[in-house]
Amino acid sequence: MFPLFPAFKENKAFVAVLNYQATDEFKIVLEQLILNTLSFVNSRIDVLNESNFRNQSGFF
């Protein structure tokens, strides 16, 4: 299991990989690229949801 970087501490997400073996540098870099992309999408969704909430509540 690999943790994803959250934009907000309330949102914690993980990625589980079956039969993971970091045998060469290409697989390690590819794994980091995939995790970083998923973390970015996860954080972007958090920020968009927070913006929508603030827009609806009239806070800003």
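A. Fine view of the overall build of the protein. Across its full length, the protein carries 1 helix and 2 strands. Going through the 60 residues of the protein one by one, you find that 18% of them count as buried. Counting only contacts in the protein whose residues sit at least 6 apart along the sequence, the fraction spanning at least 24 positions is 49%.

B. Representation of a nonpolar patch on the surface within the structure. On the surface, Phe 26, Leu 30, Leu 33, Ile 34 and Leu 38 cluster together into a nonpolar patch covering about 480 Å² of accessible area. Inspection of the secondary structure puts Phe 26 in helix α1 (residues 25–57). Among the residues examined, Phe 26 registers a relative accessible area of 59% and is labelled exposed.

C. Focus on the layout of surface pockets. Taken as a whole, the largest pocket spans an internal volume of roughly 200 Å³. Lining the largest pocket, in full, are Phe 2, Val 15, Val 17, Asn 19, Tyr 20, Gln 21, Lys 27, Leu 30, Glu 31, Ile 34 and Leu 35. The biggest single contributor to the lining of the largest pocket is α1, with 5 residues. Classifying every residue of the lining of the largest pocket by side-chain character gives 7 nonpolar, 2 polar and 2 charged.

D. Representation of the confidence of the model for the protein. When pLDDT is averaged across the protein, the result is 77; 77% of the residues are at 70 or more. Here strand β1 (residues 2–4) stands out as the least confident element of the protein, with mean pLDDT 76; α1 is the most confident, with 80.

Rules and cut-offs
- Residues numbered from 1 in each chain as written.
- Predicted model: local features only at pLDDT ≥ 70, side-chain atom pairs only at ≥ 80, totals over all residues.
- Heavy atoms only, no water.
- Helix = DSSP H or I, 4+ residues; strand = E, 2+ residues; numbered from the N terminus.
- Buried < 20%, exposed > 50% of the residue type's maximum accessible area, 1.4 Å probe, protein only.
- Contact = heavy atoms within 4.5 Å.
- Patch = residues over 30% accessible without salt bridge, like charges linked within 9 Å, V, L, I, M, F, W, Y side chains within 5 Å.
- Areas by Shrake-Rupley, 256 points an atom, 1.4 Å probe, with all protein chains shown as cover.
- Salt bridge = Lys/Arg side-chain N within 4 Å of Asp/Glu carboxyl O.
- 1 Å grid on protein atoms, 1.4 Å probe; cavity = no way out; pocket = protein on both sides within 12 Å on 5 of 7 lines; lining within 4 Å.
- Points joined across faces, edges and corners; volume = space filled by probe spheres on them.
- Nonpolar A, V, L, I, M, F, W, Y, C, P; charged D, E, K, R; others polar.
- pLDDT = per-residue confidence, 0-100.

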